[in-house]
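Results of the structural survey
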Amino acid sequence: MFDYTDYAASAMYIGEKIGEKPDAAVILGSGLGEYAKHFPQAVTIAYEEIPHFPKGTNQSHAYQMHFVKLGGKKVLLLSGRYHYYEGFSMEQVAYPTRVLHLLGVDKLVVTNAAGGINGSFQPGDFMLITDHVKFFTESPARGKNIEELGPRFFDMSHAYDPTLMEIARKVAGECGVMLREGVYGFMSGPQFETPAEIRALRTLGCDAVGMSTVPEVIAAAHCGMKVLGISCISNLAAGMLAQPITDEEVVEITSRRAGVFQKLLSAILEKL
Ligand code: HPA
């Protein structure tokens, strides 16, 4: 369990390095790890330097944050996220989000790769996350409430901010990028789902499925941050095609779509 002084120590360390309050932060999902390379002037901080930041386990993640300027906006890019399936608690997965709040960040963009459940989605599509479903894993806000972060009970009706969604729709239109919309179903992984689980999620109203993002979004709602979520549909979910789902396929599609995703993300960040 973390306490307020842990979050505050992390925020203090980062705040001293960057020297300014960011206008927004982005948690970069699979396939977007390279995004930060567009900003050679960035101030880069390795997660391992930051007090209390958990140690990541994924070889392909950089575990760095980059403070960048983009079209007049100051943005903190988080390259490397923690997942529940790695063995972290939900509280650990959400740790950076709460630190962002203490840094004064009030707009958070979360991105990920997700399996498409909605029959009209194709691999390579982008989906604006309008809401989510999470049933079987505990909340990152479980346990003693930290009043400095937010209230014991909190609303999730606008966890994905309507104003930010509207900006994303408009910007996607201007960039000529088709933006689908839908509900993201959180599954704890690391196994991909069974076809029966996917049928159940579809019945429950999910359009896509993934193993990330939701812990951060719950922590963001707890501390009153506005969230924008975008998924890259990397595959059709289990049972929708005859062939098995592989991580290689997920990586291949997200890498192929990274250029367009980056263009869309930059255009959105400039307008936030
Ligand atoms: N299921 C869960 N997580 C995922 C998937 C999927 O099909 N694709 C990418 N992340």
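For the structure itself, consult the block above.
A brief structural summary. Keep in mind it's a predicted model, so treat the numbers as computed, not measured.

1. Considering the overall build of the chain
Of regular secondary structure, the chain possesses seven helices and nine strands. Its C-alpha radius of gyration of 17 Å places the chain within 12% of the 19 Å reference for a compact globule of 272 residues. Nonlocal contacts in the chain, meaning residues at least 24 apart in sequence, comprise 82% of its contacts between residues at least 6 apart. Working note: accessible area of the chain is about 11800 Å², and carbon and sulfur atoms make up 53% of it. Positive and negative charge centroids in the chain, built from 24 and 30 side chains respectively, lie 4 Å apart.

2. Observations regarding the pattern of salt bridges
Counted by the stated rule, this structure contains eleven salt bridges. Ionic pairing is found between E34 and K37, a salt bridge with its closest N-O pair at 3.0 Å. The exposed category is assigned to K37, whose relative accessible area is 63%. Taking the shortest distance from any N to any O, the salt bridge between E174 and K170 comes out at 3.2 Å. Residue E174 and its partner K170 are located together in helix α4 (residues 162–175), separated by four residues, close to a single helical turn. A relative accessible area of 56% places K170 in the exposed class.

3. Description of the site of the ligand
Surrounding the ligand, one finds A113, A114, G115, F192, E193, V209, G210, M211, S234, N235 and V250. Contacts to the ligand include E193, whose side-chain N or O atom sits 2.7 Å from a nitrogen atom. In the complex, the protein chains occlude 95% of the 260 Å² of accessible area that the ligand would expose alone. Elements supplying a minimum of two residues to the shell around the ligand: β5 (107–116), β8 (208–210) and β9 (226–236). Broken down by element, the shell around the ligand gets its largest block of residues, three residues, from β5. Partitioning the shell around the ligand into residue classes produces six nonpolar, four polar and one charged.

4. Details of unusual backbone geometry
Residue G189 is joined to P190 through a cis peptide bond whose omega torsion reads 0°. For P190, the position within the fold is in the loop between β7 (179–186) and α5 (195–203). One non-glycine residue, Y63, lies in positive phi territory at about 50°. Note on placement: Y63 falls in the loop between β2 (43–46) and β3 (64–70). Its identity is not glycine, yet T213 carries a phi of approximately 75°, on the positive side. Residue placement: T213 occurs in the loop between β8 and α6 (214–222).

5. A few points about the packing of helix α1 (residues 4–18) against helix α3 (residues 95–102)
Any two packed helices are characterised by how steeply their axes cross, that is the angle between the axes, and by the distance between the axes. Between α1 and α3, the shortest axis-to-axis distance is 9 Å and the interhelical angle comes to 65°. As far as their axial angle goes, α3 and α1 are roughly perpendicular. α3 is crossed by α1, and the crossing has right-handed handedness. Counting all contacts with α1, which are made through Y4, D6, Y7, A8, S10, A11 and I14, the residues of α3 involved are Y95, R98, V99 and L102. Its residues assigned to classes, the contact of α1 with α3 comprises eight nonpolar, one polar and two charged.

Here is what the cut-offs are and how they apply
- Residues numbered from 1 in each chain as written.
- Predicted model: local features only at pLDDT ≥ 70, side-chain atom pairs only at ≥ 80, totals over all residues.
- Heavy atoms only, no water.
- Helix = DSSP H or I, 4+ residues; strand = E, 2+ residues; numbered from the N terminus.
- Rg over C-alpha atoms; globule rule 2.2 N^0.38 Å.
- Contact = heavy atoms within 4.5 Å.
- Areas by Shrake-Rupley, 256 points an atom, 1.4 Å probe, with all protein chains shown as cover.
- Lys, Arg positive; Asp, Glu negative; His and termini not counted.
- Charge placed at Lys NZ, Arg CZ, Asp CG, Glu CD.
- Salt bridge = Lys/Arg side-chain N within 4 Å of Asp/Glu carboxyl O.
- Buried < 20%, exposed > 50% of the residue type's maximum accessible area, 1.4 Å probe, protein only.
- Near = heavy atom within 4 Å.
- Polar contact = N/O pair within 3.5 Å; in protein donor to acceptor, adjacent residues only side chain to side chain.
- Nonpolar A, V, L, I, M, F, W, Y, C, P; charged D, E, K, R; others polar.
- Axes fitted to C-alpha atoms, helices over the stretch in contact; angles between N-to-C directions.
- Parallel < 35°, antiparallel > 145°, perpendicular 65-115°, else oblique.
- Left-handed = near helix turned anticlockwise from the far one by under 90°.

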